[in-house]
Amino acid sequence: MDELDAAIIRHLQQDARQTNRELARAVGIAPSTCLERVRLLRARGVITGYHAEISLAALNRTVQALLHVQVRPLSREVIESFKTSITSLPEVLSVFVVAGADDFLVHVAVPSVDALHAFLMDKFSKRREILGFRSSVIYQHARTMVVEPLPLSAL
């Protein structure tokens, strides 16, 4: 990936709804060149899709939490089954399979602390494969909206 590809990706992350002509102007190339570059970035799997950023508060999901989960027995089948099952729940935003004391981090968003408690009691604590879990309520969430490529390190 060269600097031009990185610039295209940066501009698309800032506004994926801009026209090809606007994108080309922003990175200083011809629209035909820009269109071909974007097509190649998609073909190479660098650009995997486009999405709308949604306000969780507008969807009545003002309380977010990270759930630290341990499952047993620790096997590929249990991990895949748990991951598939949990991602289908509407409260779940993301699931991370991690190394360390916990096996999963699950990011959820619900209407209230009471709703979080109900989710944990009704949908989490009854699962047989869960050895234990704890929750961390998120007070604030900030994320990087533009992901830049990193230079390859010499090994």
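Before reading further, recall that the structure is shown in the block above.
Here we summarise the structure given alongside this text. Nothing here was measured: the structure is a model prediction, and the numbers come from that model. Along each chain, numbering runs from 1 in the same order as the chain's sequence is written. In view of the model being predicted, local features appear only for residues whose pLDDT reaches at least 70, and side-chain atom pairs are presented and counted only at 80 or more, with totals across whole chains, interfaces and linings using the full set of residues. To obtain the side-chain values, all non-hydrogen atoms of the structure were used and water was disregarded.

## Concerning the overall build of the protein chain
Inference 1: Secondary structure assignment for the protein chain yields five helices and four strands.
Inference 2: The reference for a compact globule is 2.2 Å times residues^0.38; the radius of gyration itself is calculated from the C-alpha atoms. Taken against the 2.2 N^0.38 rule, which gives 15 Å for 155 residues, the C-alpha radius of gyration of the protein chain at 20 Å runs more than 25% over that of a compact globule.
Inference 3: The dimensions of the protein chain, computed from C-alpha atoms along their principal axes, are 60 × 45 × 25 Å.
Inference 4: Per-residue burial for the protein chain yields a buried fraction of 31% across its 155 residues. Comment: elements are numbered from the N terminus, with helices defined as DSSP H or I runs of at least four residues and strands as E runs of at least two. Note on classification: 1.4 Å probe, protein chains only; a residue is buried when its accessible area is under 20% of the maximum for its type, exposed when over 50%, partly exposed between these limits.

## Observations concerning the sheet that holds strand S2 (residues 92–97)
Inference 1: Overall, antiparallel pairing links the four strands, which are arranged S2-S3-S1-S4 in an open sheet. If you trace the sheet from one side to the other, it starts and ends with S2 and strand S4 (130–138), each paired once. With strand direction ignored, the average angle separating the axes of adjacent strands in the sheet is 20°.
Inference 2: Should DSSP find at least two bridges between two strands, the strands are regarded as paired. As judged from the eight bridges shared by strand S1 (residues 63–71) and S4, these two strands associate in the antiparallel manner. By the bridge assignment, glutamine 70 is partnered in S4 with glycine 132.
Inference 3: A contact between two residues is defined here by any heavy atoms of the two lying within 4.5 Å. Under this scheme, a helix contributes an axis fitted over its contacting stretch, all axes are lines through C-alpha atoms, and angles between N-to-C directions fall in the 0 to 180 degree range. Where helix H4 (residues 76–87) meets the sheet, it contacts S1, S2, strand S3 (104–110) and S4, and its direction lies at approximately 165° from that of S2.
Inference 4: Against the sheet, helix H5 (residues 113–124) touches S1, S2, S3 and S4, its axis set at about 25° to S1.

## Some thoughts on the environment of asparagine 20
Inference 1: Summarising the element assignment, asparagine 20 is placed in helix H2 (residues 20–27).
Inference 2: Taking the relative accessible area as the measure of exposure, asparagine 20 reaches 26% and is therefore partly exposed.
Inference 3: A sequence separation of 10 residues divides asparagine 20 from alanine 30, and the C-alpha atoms of the two residues are 9.6 Å apart.
Inference 4: Not counting chain neighbours up to four residues away, the residues in contact with asparagine 20 comprise Pro31, Cys34 and Leu35.

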